[in-house]
Number of protein chains: 2
Amino acid sequence: MHNDELQHPHNHQACLEQALHIADTICVKKGVRLTTIRRRILELICSSHKAIGAYELLDLFRVEDAKAKPVTIYRALDFLITAGLVHKIESLNAFIGCLQAEKQHQSVILICDQCKNAYELNAAPVYESLFTMSKKIQFKPTSLTIELHGLCVACA
Amino acid sequence: MHNDELQHPHNHQACLEQALHIADTICVKKGVRLTTIRRRILELICSSHKAIGAYELLDLFRVEDAKAKPVTIYRALDFLITAGLVHKIESLNAFIGCLQAEKQHQSVILICDQCKNAYELNAAPVYESLFTMSKKIQFKPTSLTIELHGLCVACA
DNA sequence: CTTAATATGTAATATTATAACATTTCATTT
DNA sequence: AAATGAAATGTTATAATATTACATATTAAG
Ligand SMILES: [Zn+2]
Ligand SMILES: [Zn+2]
Ligand SMILES: [Zn+2]
Ligand SMILES: [Zn+2]
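Structural notes, computed from the coordinates.

Criteria and cut-off values
- Residues numbered from 1 in each chain as written.
- Chains lettered and ligands numbered in written order.
- Predicted model: local features only at pLDDT ≥ 70, side-chain atom pairs only at ≥ 80, totals over all residues.
- Heavy atoms only, no water.
- Donors = N, O, S within 2.8 Å, 3.2 Å for Na, K, Ca; no water.
- Tetrahedral: all angles 85-135°; square planar, octahedral: opposite > 155°, others 65-115°.
- Helix = DSSP H or I, 4+ residues; strand = E, 2+ residues; numbered from the N terminus.
- Buried < 20%, exposed > 50% of the residue type's maximum accessible area, 1.4 Å probe, protein only.
- Contact = heavy atoms within 4.5 Å.
- Polar contact = N/O pair within 3.5 Å; in protein donor to acceptor, adjacent residues only side chain to side chain.
- Pairing = 2+ DSSP bridges.
- Near = heavy atom within 4 Å.
- Least-squares fit on C-alpha atoms with pLDDT ≥ 70 in both.
- Phe/Tyr/Trp six-rings, centres within 6.5 Å; stacked < 30°, edge-to-face > 60°.
- Axes fitted to C-alpha atoms, helices over the stretch in contact; angles between N-to-C directions.
- Core = buried A, V, L, I, M, F, W, Y, C linked by side-chain atoms within 4.5 Å.

1. Remarks on the coordination of the zinc ion (ligand 2)
Residue and element names in this part refer to chain A.
1) Next: Here the zinc ion (ligand 2) is held by the protein donor atoms Cys112 (SG), Cys115 (SG), Cys152 (SG) and Cys155 (SG), which lie 2.2 to 2.3 Å from it.
2) Next: Coordination at the zinc ion (ligand 2) is tetrahedral, judged from the four donor atoms that bind it and the angles of 103 to 115° they form at the metal.
3) Next: Written as a sequence motif, the donor residues of the zinc ion (ligand 2) are C-x2-C-x36-C-x2-C. Remark: Cys155 occurs in the segment after β5 (140–151) and Cys112 occurs in strand β3 (residues 107–112); sequence separation between them is 43 residues.
4) Next: Given the relative accessible area of 1%, Cys112 is considered buried.

In C-alpha cells form, the structure reads like this:
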C-alpha cells in the first residue's frame, strides 16, 4: 500500500486483508488478544478509508449483534488504539485504521472534508522540527497530534 | 508577552488586560461586536493559561448569571474562535485564549498534561513543510491542528 | 420610528464517552 | 481434568460535550 493509492481507485479488498493480517501478526508479537469482537471492529473501521465515528461503528456492529452497547465499541477502540492499529482523529471524534502499524512511523493525518477520506502521510522532518523546538524550551513531548484538513485531489 | 513568560511566573493581570485590549481592537477593526457576554467569556478563558472546558466556563459564568445555559457558552466560543481570539484544543475539548490574535500566526499548541497550561509556539517552518508535502499530492489544505502533549519545564 | 439583522433566552435533545459491577471466557497451575 | 486468577465481555446507568429549534430582545441603519 502506497499513499497515492488512497487517492485513487484501488483493490480495497486486498488493502483490508493486509490490514487484518498485519493486525494478527502484531497482536501475536505483542502477546495481546485480537478477539473476535476486536477483530471485527477493526475490519469495520478498515472497510473504507473514511474516518468513522464510534456510534456509526456501533450501528454497523449491531447488524450482527443487535444488543451491543457503546462500551463494546469503546473498549475495542481502546484496545486497537493502544495496539497502534487504529488512530483517533481528534478534530472529528472519529477513527481510521493504520496502514503502517507494523513499522514505527511519524505521520500526519490528511483529512478531506468533502469525502471524509483520511490517510496518513509520513512526516518525519515535521516531527524533528517540533521536537527540536520543544527541546529548546525544555518541554518533554509525549504525544503529538497533527491533522491537516482540506480537499483531496479527487474532491478539489 | 513572550513565549518563555508562560512557563514562569509573570504579571498575569497585564497579560489578561492586553488580551482583552487586543480583542477590543480586533473586533472594532473587523466590525463585529464583542458584547458583554462574549467579552466576559473571553476574560474567563484568559484568566489563566490553562485550557478550560465549556462546562467549566459555564460554571464560572453562572456565578454572575445563575441561569446561563450551555448554548450561551458555545455561542460565545463560536464567536471568539471565528474572530481568532480563542483556539480550541481538539485533543482536550478545551479552549485557550490566543495571545497573538492581532497578527497572522502559524502556531503549534504545547500542552502540559500535568499542569494543563497550554500555549502557542510559532512554527512557521512546520507549516511550510506540511504545505509543501500536501502540494506534492495535490491536497488543498484549509486548516491545520498541531497539538503537542507532554510536560512543561516546571512539571518535568 | 420602523425595519431588518444580530444577539440572547429557553427548552429540549443529540452526540460522544465512561463508570460500576456482574458474568463469562481463557490460560495456567495443580 | 479441576481449580485458580486474569482478562474480556455483558449490562445498566450516567457523565461530558455540543447542537437544534424557536421565542424574545437588542442593536444598527434607513
Ligand atoms: Zn499510523
Ligand atoms: Zn475528497
Ligand atoms: Zn499570563
Ligand atoms: Zn493563536
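2. Some remarks on the environment of A:Glu102
All names here are of chain A.
1) Next: Structurally, Glu102 can be placed in the loop between β2 (94–97) and β3.
2) Next: When the C-alpha positions of Glu102 and Ile22 are compared, they lie 6.6 Å apart, and in sequence the two are 80 residues distant.
3) Next: Discounting residues that sit within four places of it in the chain, Glu102 has contacts with Ile22 and Ile26.
4) Next: A polar side-chain atom of Glu102 sits 3.5 Å from a polar atom in the side chain of Lys103.

3. Digging into the environment of A:Gln18
1) Next: Looking at where A:Gln18 falls in the secondary structure, it is placed in helix α1 (residues 12–30).
2) Next: Along the chain, A:Gln18 and A:Leu99 lie 81 residues apart, while their C-alpha atoms are 8.5 Å from each other.

4. Some points on the pairing of β5(A)
1) Next: Strand direction decides the pairing type here: β3(A) and β5(A), joined by four bridges, are parallel. Residue A:Ile111 lies in a different strand from β5(A), and its bridge partner there is A:His149.
2) Next: Sheet topology places β5(A) next to strand β5 (residues 140–151) of chain B; 11 bridges connect them, and they run antiparallel. In the strand pairing of β5(B), A:Thr145 is matched with B:Glu147.

5. With respect to the protein's contact with DNA strand C
1) Next: Contacts to DNA strand C come from 15 residues, most closely from A:Tyr55, A:Tyr74, A:Lys88, B:Thr35 and B:Arg75.
2) Next: Protein-adjacent atoms of DNA strand C, using a 4 Å cutoff, are sugar or phosphate at a proportion of 50%.
3) Next: A:Arg75 places a side-chain nitrogen or oxygen 3.3 Å from a base nitrogen of DNA strand C.
4) Next: Within the side chain of B:Thr35, an N or O atom sits 2.8 Å from a phosphate oxygen of DNA strand C.

6. A look at the relation of the copies chain B and chain A
1) Next: Rotating chain B by 180° and translating it 0.0 Å along the rotation axis places it on chain A, where the RMSD comes to 0.0 Å. Classification of the inter-copy transformation places it as that of a two-fold axis. Among all C-alpha atoms of chain B, that of B:Ile146 lies closest to the rotation axis, at 2.3 Å.
2) Next: When the interface residues of chain B are mapped onto chain A, 100% of them are again interface residues, pointing to one common binding face.

7. Re the packing of aromatic side chains
The relative placement of two aromatic rings is captured by the distance of their centres and the angle of their planes.
All names here are of chain B.
1) Next: Within the structure shown, the criterion is met by four aromatic pairs over all chains.
2) Next: Centre to centre, the rings of Tyr55 and Tyr74 are 6.2 Å apart; their planes meet at 65°, and the pair counts as edge-to-face. Linking Tyr55 in helix α3 (residues 54–62) with Tyr74 in helix α4 (residues 70–82), this pair joins segments that are 19 residues apart in sequence.
3) Next: A residue is classified by how much of its surface remains accessible, and Tyr74, at 41% relative accessible area, is partly exposed.

8. Structural notes on the sheet that holds β5(B)
1) Next: Ordered by their spatial adjacency, six strands build an open sheet running β4(A)-β3(A)-β5(A)-β5(B)-β3(B)-β4(B), and the pairing between neighbours is mixed. Each edge of the sheet is formed by a strand with only one pairing partner; in this case those strands are β4 (118–122) of chain A together with β4 (118–122) of chain B. Averaged over all pairs of adjacent strands, the angle between their axes in this sheet comes to 25°, without regard to strand direction.
2) Next: Of the strands in this sheet, β3, β4 and β5 of chain A together with β3 (107–112), β4 and β5 of chain B touch helix α5 (residues 124–136) of chain B, which is tilted by about 135° from β5(B).

9. Things to note about the protein's contact with DNA strand D
1) Next: Near DNA strand D there are 15 residues, and of these A:Thr35, A:Arg75, B:Arg33, B:Tyr55 and B:Lys88 occur at the shortest range.
2) Next: In DNA strand D, atoms within 4 Å of the protein come from the sugar-phosphate backbone in 49% of cases.
3) Next: Secondary-structure elements contributing two or more residues to the surface near DNA strand D are α2 (36–45) and α4 (70–82) of chain A together with α4 of chain B.
4) Next: Per-element accounting of the surface near DNA strand D gives the leading share, three residues, to α4(B).

10. With respect to the nonpolar core
1) Next: Among the nonpolar cores identified, the biggest contains 34 residues, and A:Leu130, A:Ile146, B:Leu130 and B:Ile146 are the most heavily contacted of them.
2) Next: For this core, the secondary-structure elements that each account for two or more residues are β3, β4, α5 (124–136) and β5 of chain A together with β3, β4, α5 and β5 of chain B.
3) Next: Each residue touching B:Ile146, except ones within four places of it in the same chain, is listed here: A:Leu130, A:Leu144, A:Thr145, A:Ile146, B:Val108, B:Ile109, B:Val126, B:Tyr127 and B:Leu130.

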